[in-house]
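Here are the chains, one letter per residue:
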Amino acid sequence: PPGHDVVKTLIAALALLLVSSPALHAQTDSSIAVGVALTLYDPASEHTHNPPSVGLIARMRRGSGLGATIGLEWYKSEVQTTIGGQLVPLGDMNARPVMAGVSFTRQYSRYALSGALVAGYSFNSLRATPAAHAAYRDRFALPDARIRISNCFAFRPDVTLWYELGHHLAASASIAYVYARPTVTADSGAGRRVDPLNISATVITFGLAYGVF
């Protein structure tokens, strides 16, 4: 599957970054920058649609070396599922993964190339559509079903390139793969139905940040 190919490519890039690195040394000359980023999504499943988003980005500039990092890859999806052989829109879903892990950075003059691997838990919510309620009622005899999405494990490998445009300004480009597979549950007095949902996606981000410290 395409998602697995992205994961393999990212893991290979992380391994190459580590293998080609010199001896680790202390990180110095740190600074903090904040800015804006444009994020594009390529869902792993045809049952999800992720619109592009614009949000905030933060960066701690460091020298080459190993360090801790966090991941807050929050995004929205329009999700669908197959009910009785028919594709039915479930509604709008919010995924809020909270992750932590390690990163490794190589500094090349104005360039900084880093790879990271973070893992954690995704807190998900779903606003179901009237069409979803009708489909569960008509096809599975689940009237007035309460439709909800579960929280789930999540992880994300990524590779990011930063370029220093000036003393305070820097631009970035990154590619990541966010893995998350919750379940959708429909509960009613007549019974229950549980369906898996793949909300994993390849994530490409372009950012511009300004140093504030």
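All values derive from a computational prediction rather than experimental measurement. (Residues numbered from 1 in each chain as written. Predicted model: local features only at pLDDT ≥ 70, side-chain atom pairs only at ≥ 80, totals over all residues. Heavy atoms only, no water.)

**Remarks on the overall build of the protein**
When you go through the protein residue by residue, the secondary structure sums to two helices and 13 strands. In the protein, which comprises 213 residues, the proportion classed as buried is 42%. Of all intrachain contacts in the protein linking residues separated by at least 6 positions in sequence, the fraction that spans at least 24 positions is 72%. Approximately 11,300 Å² of the protein is accessible, and the part contributed by carbon and sulfur atoms is 62%. (Helix = DSSP H or I, 4+ residues; strand = E, 2+ residues; numbered from the N terminus. Buried < 20%, exposed > 50% of the residue type's maximum accessible area, 1.4 Å probe, protein only. Contact = heavy atoms within 4.5 Å. Areas by Shrake-Rupley, 256 points an atom, 1.4 Å probe, with all protein chains shown as cover.)

**Details of the nonpolar core**
Ranked by internal contacts, the top residues of the largest apolar core, which has 27 residues, are Tyr-75, Val-79, Met-93, Tyr-136, Ile-147, Val-184 and Ile-199. For this core, the secondary-structure elements that each account for two or more residues are strand E5 (75–83), strand E6 (86–108), strand E7 (111–128), helix H2 (130–140), strand E8 (146–149), strand E9 (152–164), strand E10 (169–180) and strand E11 (183–188). Looking at this core element by element, the count peaks at five residues for E6. Leaving out residues up to four positions away in the same chain, Tyr-75 has contacts with Tyr-41, Asn-50, Met-93, Asn-94, Ala-95, Pro-97, Val-178, Ala-180 and Ile-199. The next biggest cluster of nonpolar side chains, apart from the first, holds seven residues, and it includes Ala-33, Ala-37, Ala-112 and Ala-209. (Core = buried A, V, L, I, M, F, W, Y, C linked by side-chain atoms within 4.5 Å.)

**Re the sheet that holds E11**
The three strands are arranged E8-E11-E12 in an open sheet whose pairing can be described as antiparallel. Strands at the two margins of the open sheet, each flanked by one partner only, are E8 and strand E12 (191–196). Recorded for the sheet is a direction-independent mean angle of 15° between the axes of neighbouring strands. The sheet contact formed by E11 and E12 spans six bridges and is antiparallel. Pairing of Ser-188 across the sheet is with Gly-191, part of E12. (Pairing = 2+ DSSP bridges. Axes fitted to C-alpha atoms, helices over the stretch in contact; angles between N-to-C directions.)

**Quick look at the side chain of Ser-200**
Here Ser-200 lies in the loop between E12 and strand E13 (201–211). Not counting residues up to four positions away in its chain, the partners in contact with Ser-200 are Pro-43, Ala-44, Tyr-177, Val-178, Tyr-179, Ala-180 and Arg-181.

**Some details on the layout of surface pockets**
The probe, sized like a water molecule, is rolled over the atoms to show the empty space still left. Counted as a void, the largest pocket has a volume near 1,300 Å³. Lining the largest pocket are 42 residues, with Ile-57, Ala-58, Ile-70, Leu-72 and Arg-156 positioned closest to its centre. Top element by residues in the lining of the largest pocket is strand E3 (residues 53–61). It accounts for nine residues. Among the residues making up the lining of the largest pocket, the classes are represented as 19 nonpolar, 14 polar and nine charged. (1 Å grid on protein atoms, 1.4 Å probe; cavity = no way out; pocket = protein on both sides within 12 Å on 5 of 7 lines; lining within 4 Å. Points joined across faces, edges and corners; volume = space filled by probe spheres on them. Nonpolar A, V, L, I, M, F, W, Y, C, P; charged D, E, K, R; others polar.)

**Points about H2**
Among the residues of H2, Ala-132, Ala-135 and Tyr-136 are the ones counted as buried. Axial view of H2: buried residues confined to an arc of 95°, hence all on one face. Opposite its buried face, H2 presents the exposed residues Pro-130 and Asp-138, each directed more than 90 degrees away. Where H2 is buried, its residues touch E5, E6, E8, E11 and E12. Looking one or two places after H2, you find Ala-141, whose phi comes out positive at around 55°. (Arc of directions from axis to C-beta.)

**Some details on the pairing of E6**
Note that strand E4 (residues 65–71) and E6 share seven bridges and pair antiparallel. Opposite Leu-66, over in E6, you have Phe-104 as the bridge partner. Sheet analysis places E5 next to E6, joined by nine bridges and oriented antiparallel. Across the sheet, Lys-76 pairs through a bridge with Asn-94, a residue of E6. Inspection of the sheet shows E6 paired to E7 by 18 bridges, in the antiparallel sense. Looking across to E7, one finds that Ser-103 is bridged to Ala-116.

**Examining unusual backbone geometry**
At Ser-109, a residue that is not glycine, the phi angle is positive and equals roughly 55°. Inspection of the secondary structure puts Ser-109 in the loop between E6 and E7. Here Asp-144, not a glycine, exhibits a phi torsion of approximately 55°, which is positive. Within the secondary structure, Asp-144 sits in the loop between H2 and E8. Look at Asp-144 and you get exposed, because its relative accessible area is 76%.

None of this, on its own, says anything about what the molecule does.
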